[in-house]
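Coordinates in review
Letter by letter, the chains look like this.
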Amino acid sequence: MKFADKGENKRLIERLERSVKDGRISHAYLFECPGNVDREAFAKALIKGILCPAELSPDRRGENCGKCEICSKIDHDNHEDVMYIEKDGNSIRNRTVASLQDRLKIKPLMSRNIAVIYDSGLMTKEAQNRLLKTLEEPPGDATLILFADNREDLVSTILSRCVKFRINSPAGKRSRKEANLRAKADEIVAMSLRGEPYYRVMGTISGSRLGTEEAMKLLDEMETVYRNLVIDDKEDAPLYDFERLYEGIFAIEEARKAIRNKGNVRYALGNLVLKIDK
């Protein structure tokens, strides 16, 4: 597949390319990503990789030529088998998901129907419960592509039925402040994996004097570091215990939830370090 800028997402894109080439296309994907990711471009690259006629050739399956009628239709948002779910005001309502379900019942003109929900985290609880029915009994020829700022905005039953990925901020669009946060996240994760004393790891965090917004961004960067380690370990010889890496990811999600619930930032980060610094 042809993505404009692989950058920080090289490993993720390579995994998607392999799964499409091997014909292992999931019925549902969830991409968690920050706001500065070009979700539309990412989605269209993936969709073209799935639907472009080049996939009919075994040695070119998963490529998107970008020149054929199919690719052109996808670029111009008028492909008959591709649907985009839009928010109504500040949310995606039950009736919108109901309309999607009706569309998915129609047999695709090509290999499969594809539906994209850019703001899946904005679905009302009723809409999420309705979508869950589709995920529990997916139509034979359909793939749903969900994007969300934070996966915690979705009910756990939806999460369990999606293949989940994290899209990182494009490297070329990082500000100096964001780059410094990534460096700080790299340092904190490395220190905790080495088992350095709690006071040293906590001192590295405290030295930044983080407010709520910056703390949340640091957690995002730390989660990206952990997820990259998981992907790297699957590609090469394991460097770290997978269980420990996933525990780090879960601990970050708990810290994020605690801060979001108006908890004390320093206390939440302190609990996080206690859990990951073993």
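Placed above this text is the structure.
Heads up: these notes are all about the structure in this document. Note that the coordinates shown come from a computational prediction; the quantities given were computed from them, not determined experimentally.

About the criteria used
- Sequence order as written defines the numbering, with residues in each chain counted from 1.
- Side-chain atom pairs in this predicted model are given and counted only at pLDDT of 80 or more, local residue features only at pLDDT of at least 70, and totals for whole chains, interfaces and linings cover all residues.
- Think of the side-chain values as coming from all heavy atoms in the structure, minus any hydrogens and water.
- A 1.4 Å probe that fits into a set of points on a 1 Å grid over the protein atoms alone but cannot get out defines a cavity; an open set with protein on both sides within 12 Å along at least five of seven lines defines a pocket, and lining residues are those with an atom within 4 Å of a point.
- Grid points are joined across faces, edges and corners, and a volume is the space filled by probe spheres set on the points.
- Note on conventions: DSSP H or I runs of at least 4 residues are helices, E runs of at least 2 residues are strands, and numbering of each starts at the N terminus.
- Contacts are assigned to residue pairs that have any heavy atoms within 4.5 Å of one another.
- Excluding any residue in a salt bridge, patches collect residues exceeding 30% relative accessible area, merging like charges within 9 Å and nonpolar Val, Leu, Ile, Met, Phe, Trp and Tyr side chains within 5 Å.
- Here, Shrake-Rupley sampling with a 1.4 Å probe gives the accessible areas, and only protein chains in the shown set may cover a residue.
- Salt bridges are defined as contacts in which a side-chain nitrogen from Lys or Arg sits within 4 Å of a carboxyl oxygen from Asp or Glu.
- Type-normalised accessible area, obtained with a 1.4 Å probe on protein chains alone, sets the label of each residue: buried when under 20%, exposed when over 50%, and partly exposed for intermediate values.
- The arc in question is formed by the directions pointing from the helix axis toward the C-beta atoms.
- Pairing between strands requires that DSSP locate at least two bridges from one strand to the other.
- Here an axis means a line fitted to C-alpha atoms, over the contact stretch when the element is a helix, while the angle between two N-to-C directions is reported on a 0 to 180 degree scale.

1. Examining the layout of surface pockets
Here the largest pocket is characterised by a volume of approximately 680 Å³. Taken together, 32 residues form the lining of the largest pocket, with R151, K164, F165, R227 and Y246 sitting closest to its centre. Put simply, the parts of the chain that give the lining of the largest pocket at least two residues each are α1 (10–21), β5 (163–166), α9 (212–235) and α10 (242–260). Examining the composition of the lining of the largest pocket, we find that 7 residues originate from one element, α1, more than from any other.

2. A short note on the side chain of R256
By the element assignment, R256 lies in helix α10. Ignoring anything within four residues of it in the chain, the contact list for R256 reads N150, E152, M216, L219, D220 and E223.

3. Points about a nonpolar patch on the surface
The grouping of Y198, Y199 and L274 at the surface amounts to a nonpolar patch, some 350 Å² of accessible area in total. Here L274 shows up in helix α11 (residues 265–276). The exposure class of L274 is exposed, given its relative accessible area of 53%.

4. Details of helix α4 (residues 94–104)
In an α-helix, one turn spans 3.6 residues, which is why side chains three or four residues apart end up on the same side. Three or more residues of α4 are buried, namely V97, L100, Q101 and L104. Considered in projection along α4, the buried side chains sweep an arc of 100° and stay on one side of the axis. Of the surrounding elements, those touching the buried residues of α4 are β2 (82–85), β3 (113–117), α5 (125–136) and β4 (142–148).

5. Remarks on the sheet that holds β2
The strands making up a sheet associate through backbone hydrogen bonding, with each pair oriented either parallel or antiparallel. Spatially, β2-β3-β4-β1-β5 is the arrangement adopted by the 5 strands of the open sheet, whose pairing is parallel. Since the sheet does not close on itself, it has two edges, and those belong to β2 and β5, each with one partner. With strand direction ignored, the average angle separating the axes of adjacent strands in the sheet is 15°. Relative to β4, β3 is paired through 5 bridges, and the arrangement is parallel. Among the inter-strand pairings, I114 is bridged to a residue of β4, identified as T143. Docked against the sheet, helix α2 (residues 39–51) engages β1 (28–32), β2, β3 and β4, running at close to 165° with respect to β4.

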